[in-house]
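What the coordinates show
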Amino acid sequence: MSIIIFEGTDHCGKTNIATEFCKRNPDYQYFKVKQEQSFIEKVDPAILKQSHLMELNFFFELARQVRFNVAMDRFYPSEFVYGALFRDIDEEKILEFDKLFSELDVIIVLLQKEDDKLEDVLWTNEQLIEIKKRYTHFFEKSACRTMLLDTDSEDLDWEISEIENFIKSYDRKRYVSK
């Protein structure tokens, strides 16, 4: 069983890289929760906060008990980032789940672009830089195997190759592509 989580700011390549990774590695299934921002904004923040923790617990138990390979387009690291910036989340609770997921050998691939290349219609450049800082903060605290991948080149073949090489280099906890 292998769980790979692709994380990063909007428009850093998560969906393209994760779907291409699955095409090239057919033992993996692609998964993305598709929630509209407008729906999330309508939910009471206290209910949303509690539901995220329940979802983490459910998925952890599912992953622990059922063997499968999945490439996830965002997961709990996003809650660590966006929850801290826009909701009152318990950062330590998310890190407790991170430690549990590390026991399942979860791999987190943090995709990043240089600050001047960050762009999105929902967020200002300043907000994206803050989001990127929160991802870096999570990356430093995570108990999981983590990889930092610069996606400025938008070279999909190289990016997939780097990820596959990282997966093969099981003995290293932290890996930063150059």
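Placed above this text is the structure.
These notes cover the structure that comes with them.

How each quantity is defined
Residues numbered from 1 in each chain as written. Predicted model: local features only at pLDDT ≥ 70, side-chain atom pairs only at ≥ 80, totals over all residues. Heavy atoms only, no water. Helix = DSSP H or I, 4+ residues; strand = E, 2+ residues; numbered from the N terminus. Buried < 20%, exposed > 50% of the residue type's maximum accessible area, 1.4 Å probe, protein only. Contact = heavy atoms within 4.5 Å. Pairing = 2+ DSSP bridges. Right-handed = clockwise from strand over helix to strand, strands pointing away. Polar contact = N/O pair within 3.5 Å; in protein donor to acceptor, adjacent residues only side chain to side chain. Axes fitted to C-alpha atoms, helices over the stretch in contact; angles between N-to-C directions. Parallel < 35°, antiparallel > 145°, perpendicular 65-115°, else oblique. Left-handed = near helix turned anticlockwise from the far one by under 90°. Salt bridge = Lys/Arg side-chain N within 4 Å of Asp/Glu carboxyl O.

In this section: the overall build of the chain. Helices and strands together make up the secondary structure of the chain, namely seven helices and six strands. Going from the N terminus to the C terminus, the chain shows its helices and strands as β-α-β-α-α-β-α-α-β-α-β-α-β. By the burial criterion, 46% of the 178 residues in the chain qualify as buried. The long-range fraction of contacts in the chain, counting pairs at least 24 apart against all pairs at least 6 apart in sequence, stands at 76%.

Let us now look at the pairing of strand β5 (residues 145-150). Bridge count for strand β4 (residues 107-112) against β5 is six bridges, and the pairing is parallel. Counterpart to Q112 in the pairing with β5 is D150. Considered for its hand, the β-α-β crossover made up of β4, helix α6 (residues 125-141) and β5 is right-handed.

Our next topic: helix α4 (residues 76-86). Within α4, eight of the eleven residues are buried, which leaves it mostly tucked inside the rest of the structure. If you check which residues of α4 are buried, you get Y76, P77, S78, E79, F80, V81, Y82 and G83.

Attention now moves to the environment of G13. Within the fold, G13 resides in the loop between β1 (2-8) and α1 (14-24). Look at G13 and you get partly exposed, because its relative accessible area is 21%. Separated by 99 residues in sequence, G13 and Q112 place their C-alpha atoms 8.6 Å apart.

This part covers the environment of D150. By the secondary structure assignment, D150 is in strand β5. A relative accessible area of 31% means that D150 is categorised as partly exposed. Sequence spacing of D150 and K113 is 37 residues, and the spatial spacing of their C-alpha atoms is 5.8 Å. Here D152 takes part through its backbone nitrogen, which lies 2.7 Å from a polar atom of the side chain of D150.

Close contact between helix α5 (residues 91-102) and α6 brings their axes to 11 Å; oriented N to C, the two are set at 50°. It follows that α5 is oblique to α6 by the angle criterion. In terms of crossing hand, the pair formed by α5 and α6 is right-handed. The segment α5 lies against α6, with E91, L95 and D98 engaging R134, H137, F138 and K141.

Within this structure, the stated rule accounts for eight salt bridges. In this structure, D10 and R74 form a salt bridge, with 2.4 Å as the shortest nitrogen-oxygen distance. You can see D10 sitting in the loop between β1 and α1 and its partner R74 sitting in the loop between β3 (69-73) and α4, a full 64 residues away along the chain. Looking at R74, the relative accessible area reads 21%, which means it is partly exposed. E96 is the salt-bridge partner of K93, the closest N and O atoms lying 3.5 Å from each other. Residue K93 and its partner E96 are located together in helix α5, separated by three residues, close to a single helical turn. Taken together, the shared-partner salt bridges in this structure form one network comprising E20, R24 and D157.

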